[in-house]
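Residue strings, one per chain:
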Protein chains: 2
Amino acid sequence: MLDRPTQSPLYKIANPDSIAFFGASNNIGRMGTNLLLSVMSGGFPGRIYPVHPSESKVQGLEAFPSAADLPETPDLAVMVLPTRIVNSTLEECGRKGIHHAIVVSGGFKEIGSDGASLEEEMKAICQRYGIRVLGPNGLGVANLHHPLNTTFIPVEGRPGVIGLASQSGSFVTQMFNYLARRGVNFSTAFSVGNEADLDLVDALEYLGGDPNTRVIALYVEGITRGRRFVEAARAISRQKPIVALYVGGSDTGRKAGRSHTGAMAGPDPLYDGVFKQSGVIRAESVAEMFDFARVLGRLPQPAGNRVVVQTNSGGPGAAAADACGRAGLALPALAQSTIEALGEYLPHTGSAGNPVDITFSQNWDDVYQPVPQVLLDDPNSDMLLIYFLTPTEIIRRGMEKMGVPAERLDEETVRHAEACAQKALEVFQNAAKPMVGFTWRGMDEPFSQALLQGGFPLFSDPKSAARALGAMVEYGRLKRKLETSEI
Amino acid sequence: MLDRPTQSPLYKIANPDSIAFFGASNNIGRMGTNLLLSVMSGGFPGRIYPVHPSESKVQGLEAFPSAADLPETPDLAVMVLPTRIVNSTLEECGRKGIHHAIVVSGGFKEIGSDGASLEEEMKAICQRYGIRVLGPNGLGVANLHHPLNTTFIPVEGRPGVIGLASQSGSFVTQMFNYLARRGVNFSTAFSVGNEADLDLVDALEYLGGDPNTRVIALYVEGITRGRRFVEAARAISRQKPIVALYVGGSDTGRKAGRSHTGAMAGPDPLYDGVFKQSGVIRAESVAEMFDFARVLGRLPQPAGNRVVVQTNSGGPGAAAADACGRAGLALPALAQSTIEALGEYLPHTGSAGNPVDITFSQNWDDVYQPVPQVLLDDPNSDMLLIYFLTPTEIIRRGMEKMGVPAERLDEETVRHAEACAQKALEVFQNAAKPMVGFTWRGMDEPFSQALLQGGFPLFSDPKSAARALGAMVEYGRLKRKLETSEI
């Protein structure tokens, strides 16, 4: 495992001081232009040198006719060029003394034997000049802390703690918005493309040593350096959790992966074994990979697998209890002290079992505070899972009947929702145990957004919430096994 | 199976001409008041008689001191009363000749032996007076076509085709917003509560005979009348699909269900057998139950299990291919005629395999139309699954660079997104095969909403989309088996 990220060959790719940019122009319709615009609008603090055969300015920056003409030797070259001129341009870079490159262009190994020959040629050039390449056929890197974003989509939201190594660029770019809406974000994300040189394992090792990364997500179509992967992952898992989505295990997924990046996939049980041996938690879907990452990266580690479910309605409570059971969690009886402390909040139709069903208490806001605090204090349990009913329409109707003027109803409803979320957040932010929730309301509503942007992991379904808690328990188990060398 | 819904004991409960309402007042903080307001604001076309011991008007309606004082014998009594006066009020109703009641009040079998005695007493009263009761401890009914909504949350959106029979009221009320955001809705939804008299099977039978219902969803904590359930479901499944979520199969779920409605659950394999025998498709989560229902209720039935995956990015394509394989779907090679027709839309980095990866063609809008039409016309496949990248930020940036004034950027971006969705909808609305899609963008964004409100099933993850298609294939298989008496 790396002690410092500067030891990684990816360091200067993710943290360059200067970049030569090949393939951007003044035509906004071109992919290369969009990548350059992302670097510029993303706040990259270093120097950018567009290289263009005819234009003297590109997107307002001074442009240079070739690598040889650059006023300095940049740390990194980014290429979004037609396939046929990629290799010759790499040679130019090599002659200039550039030692790191991101090749975004496709048309290599992934399209068949002609492309594969071109890729072999690329490798030879890189070896000759000592160039480390990320790609081809990938989107490069988004390091939100540097910041540097070489993809064609702008970053949204603040820098986060999720490191990503991905054999698809979409799981970098399409997740900027996806994660930001959930109040989380990448630390650094790599799109490794065809892995002609630097690969998924290099990205994993970089992220393992990166202090901004608290959890690592891997999108895997196939791992080439299996032994090195296991060694690296075993060392890193003892420090920070790794979650993987492997899509090459089915016939259909294996074939699709091969035509995408040419990766060699293996059967599901093989990868299951590799992941288990390495302390890696396997996710069943893209959504689940990021669900797991957002709890593992930000919540305290649970002491055990015992969860209390809080609800004000029987069905969601039962569905959550069932989902917990299937996710390997136990629902202990509450301690006597907890039952006593709950007393004043529970109407006679409620239940101090587990799920705790407070139905509709006199004060509806009890569900945000203090009930969650009482349940977090329960000595018999390790985690708290809350169902949020968020009865927006009733609050609104109530305000209307109480005489709030029509033109202020929207504003007052939002204010109430945000105040409720704030109460729950106060409990959450001081909690020493993991606390998550679910609701069937939209993730974009004021209540949900207030919770999510406050760091609270809110899910759209009890199953997702329960499985995320299950992943935390699983990580604890794997970590203990690695520490005691049981696996 | 019922020929007409009027044969069901639930008919007058879901379609009353007149209602006596017990437990509403002029206090907006009370549950009963909220239920009455839902009935009123929901557009119930019949007569409503609030019964209140002291008020002469309730929410602007003329109120009556007791059932005996009502000016007619209403079809239905709705009760949201303190537990202790429910049975005596039911007796009053019986003496007045009222034959149908919804009892919302809790405090019966679900709280233990004292409540169970009260519930036995209730049954005796109902038998004595010939009253058919839905409840207690349930929210009654939402018939969006009548319309009648006795729950405490207002309905959102237009009437739909999903019938629901639920052992939890939350899966009625909380889904009004959830389904409306997805462009679908209930036809009629029943919350059966403790099932003292009318039960889940009665609701299933009503929905089976209801012409507004095209698919039935069941939230199940435990089925009491097993044999009747199987008979009813087998008959109905031949006409319309039934999807069930069963939460009583895990230890944790079984216990939670018992303290919720007192339902007797059984082990998972038992219910698996019951569902299979009955032609019922089992969902793994609440979200999935409604995912299945929205495709089964509205898309044409696929001829087989062969799906084409359309993408413009390798990773989402591979993830979708893998999810399809795991959902029992096959990805056939495209017919030669399809490959030829695709030719003009495919750049050299694209793939006419399956997934079809059109990467970024010259015209980005090809992904909405005509490419989906070409793929739907493929003679080798039965379904189409599309990944939508929806690059909102790039469109916006492009418009900005092309000189669209800042104050019109929002409007123009939305207009573009909606125009793209419209193109896809034109293909969808004429499709004779199932067509679904997924995106990682928010379901509340203009593009997603335009698709969803146009009836297109859009999902947040390839796994959900693939499993929904898998459920359609499974229904076809079950239906054929029922028709040939193989099960």
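Computed from a prediction, not measured in an experiment: that's the story for all the values here.

Draft legend 1. Fine view of the overall build of chain A. The helix and strand inventory of chain A stands at 17 helices and 19 strands. On C-alpha atoms alone, chain A measures out to a radius of gyration of 25 Å, which is about the 23 Å that the 2.2 N^0.38 rule sets for 487 residues. Counting only C-alpha atoms and orienting by the principal axes, one finds that chain A spans roughly 80 × 60 × 40 Å. For chain A, the proportion of its 487 residues judged to be buried stands at 63%. Counted over contacts in chain A with a minimum sequence separation of 6, partners at least 24 positions apart contribute 73%.

Draft legend 2. Layout of the side chain of D322(B). For D322(B), the position within the fold is in helix α11 (residues 314-326). With residues near it in sequence (within four places) discarded, D322(B) still touches Y246(A), V247(A), G249(A), S250(A), T252(A) and G253(A).

Draft legend 3. Representation of the side chain of D202(A) in the model. Relative to the assigned elements, D202(A) resides in helix α6 (residues 200-209). Under the relative-accessibility criterion, D202(A) is labelled buried at 9%.

Draft legend 4. Spatial organisation of the interface of chain A and chain B. Contacts between the two partners involve 75 residues from chain A, matched on the other side by 74 residues from chain B. Roughly 5600 Å² is buried in total at the junction of chain A and chain B, and carbon and sulfur atoms are behind 59% of that figure. Linking chain A with chain B are four salt bridges, by the criterion used here. Of all the elements in the fold, those that place two or more residues in the side of chain A that touches chain B are α2 (31-41), α5 (170-181), α8 (251-261), α10 (286-296), α11 (314-326), α14 (392-401) and α17 (462-483) of chain A. No other element matches the nine residues that α11(A) contributes to the side of chain A that touches chain B. Among the residues forming the side of chain A that touches chain B, the class breakdown is 31 nonpolar, 28 polar and 16 charged.

Draft legend 5. Looking closely at the pattern of salt bridges. With the rule as written, the count across this model stands at 56 salt bridges over all chains. The residue D202(A) makes a salt bridge to R225(A) at a minimum N-O spacing of 3.3 Å. One end of the pair, D202(A), is in helix α6; the other, R225(A), is in the loop between β12 (215-220) and α7 (226-237), with 23 residues separating them in the sequence. When salt bridges that share partners are traced, they join D268(A), D272(A), R282(A), D322(B) and R326(B) into one network.

Draft legend 6. Examining the packing of aromatic side chains more closely. All names here are of chain A. This model, assessed by the stated rule, comprises 38 aromatic pairs over all chains. Considering the side-chain rings of Y387 and F438, the 5.1 Å spacing of their centres and the 35° angle between planes classify their relative orientation as tilted. Placement of the pair is Y387 in strand β17 (residues 383-387) and F438 in strand β18 (residues 435-438), with a sequence separation of 51 residues. For the pair Y387 and F438, a shared accessibility class is recorded, and that class is buried.

Draft legend 7. Spotlight on empty space enclosed by the protein. One pass over the full model with this rule turns up one cavity of 30 Å³ or more. Its boundaries defined by the atoms lining it, the largest cavity holds a volume of some 860 Å³. Around the largest cavity sit 44 residues that line it, and S460(A), S464(A), A287(B), S460(B) and S464(B) are the ones nearest its centre. Grouping the amino acids of the lining of the largest cavity by side-chain chemistry returns 12 nonpolar, 10 polar and 22 charged.

Draft legend 8. Expanded view of the pairing of strand β1 (residues 18-22) of chain B. Residues and elements named next belong to chain B. With respect to burial, β1 is a largely interior element, five of its five residues being buried. Burial along β1 is two-sided: the residues S18, A20 and F22 and I19 and F21 are all buried. Judged from the five bridges that link them, β1 and strand β2 (residues 47-51) form a sheet pairing that is parallel. Paired with S18 across the strands is R47, a residue of β2.

Draft legend 9. Geometry of the confidence of the model for chain A. When pLDDT is averaged across chain A, the result is 94; 98% of the residues are at 70 or more. Among the prediction metrics, the complex's ipTM stands at 0.94, with pTM recorded as 0.95.

Draft legend 10. Examining the sheet that holds strand β6 (residues 100-103) of chain A more closely. Residue and element names in this part refer to chain A. If you trace the five strands from one edge of the open sheet to the other, you get β2-β1-β5-β6-β7, paired in parallel fashion. Taken across any chain shown, the strands that pair with only one partner, and hence form the sheet edges, are β2 (47-51) and β7 (132-134). Averaged over all adjacent pairs, the angle separating strand axes in this sheet is 20°, with direction ignored. Note that strand β5 (residues 76-79) and β6 share three bridges and pair parallel.

Draft legend 11. Representation of the relation of the copies chain A and chain B within the structure. Relative to chain B, chain A is turned by 180° and slid 0.0 Å along the rotation axis, the superposed coordinates differing by an RMSD of 0.0 Å. What the superposition gives is, in effect, a two-fold axis relating one chain to the other. Measuring from the rotation axis to each C-alpha of chain A, the shortest distance belongs to D444(A), at 3.6 Å.

Draft legend 12. View of the environment of K109(A). Residues and elements named next belong to chain A. With respect to the element layout, K109 can be found in the loop between β6 and α4 (113-129). K109 sits 11 residues away from E120 along the chain, and the two C-alpha atoms are 8.8 Å apart. Among the polar contacts listed, one links the side chain of K109 to the backbone oxygen of N194, at a separation of 3.5 Å.

Draft legend 13. Here's a closer look at the packing of α14(A) against helix α2 (residues 31-41) of chain B. One can describe the packing of α14(A) onto α2(B) by two numbers: an axis separation of 12 Å at closest approach and a directional angle of 90°. Classified by the angle between their axes, α14(A) and α2(B) sit roughly perpendicular to one another. Here I394(A), R397(A) and K401(A) of α14(A) lie close against α2(B), whose contacting residues are N34(B), L37(B), S38(B) and S41(B). Partitioned by chemical class, the residues of the contact of α14(A) with α2(B) number two nonpolar, three polar and two charged.

Draft legend 14. Representation of unusual backbone geometry within the structure. Residue and element names in this part refer to chain A. The omega torsion across G135 and P136 is -5°, close enough to zero to call that bond cis. Structurally, P136 can be placed in the loop between β7 and β8 (140-143). Here the amide bond leading from H146 into P147 is cis, since omega sits at -10°, within 30 degrees of zero. Here P147 shows up in the loop between β8 and β9 (148-149). Of note in the backbone geometry, N137 takes a positive phi value of approximately 65° without being a glycine.

Reading the values: rules and limits
- Residues numbered from 1 in each chain as written.
- Chains lettered and ligands numbered in written order.
- Predicted model: local features only at pLDDT ≥ 70, side-chain atom pairs only at ≥ 80, totals over all residues.
- Heavy atoms only, no water.
- Helix = DSSP H or I, 4+ residues; strand = E, 2+ residues; numbered from the N terminus.
- Rg over C-alpha atoms; globule rule 2.2 N^0.38 Å.
- Buried < 20%, exposed > 50% of the residue type's maximum accessible area, 1.4 Å probe, protein only.
- Contact = heavy atoms within 4.5 Å.
- Buried area = accessible area lost by both parts, 1.4 Å probe.
- Salt bridge = Lys/Arg side-chain N within 4 Å of Asp/Glu carboxyl O.
- Nonpolar A, V, L, I, M, F, W, Y, C, P; charged D, E, K, R; others polar.
- Phe/Tyr/Trp six-rings, centres within 6.5 Å; stacked < 30°, edge-to-face > 60°.
- 1 Å grid on protein atoms, 1.4 Å probe; cavity = no way out; pocket = protein on both sides within 12 Å on 5 of 7 lines; lining within 4 Å.
- Points joined across faces, edges and corners; volume = space filled by probe spheres on them.
- Pairing = 2+ DSSP bridges.
- pLDDT = per-residue confidence, 0-100.
- Axes fitted to C-alpha atoms, helices over the stretch in contact; angles between N-to-C directions.
- Least-squares fit on C-alpha atoms with pLDDT ≥ 70 in both.
- Polar contact = N/O pair within 3.5 Å; in protein donor to acceptor, adjacent residues only side chain to side chain.
- Parallel < 35°, antiparallel > 145°, perpendicular 65-115°, else oblique.

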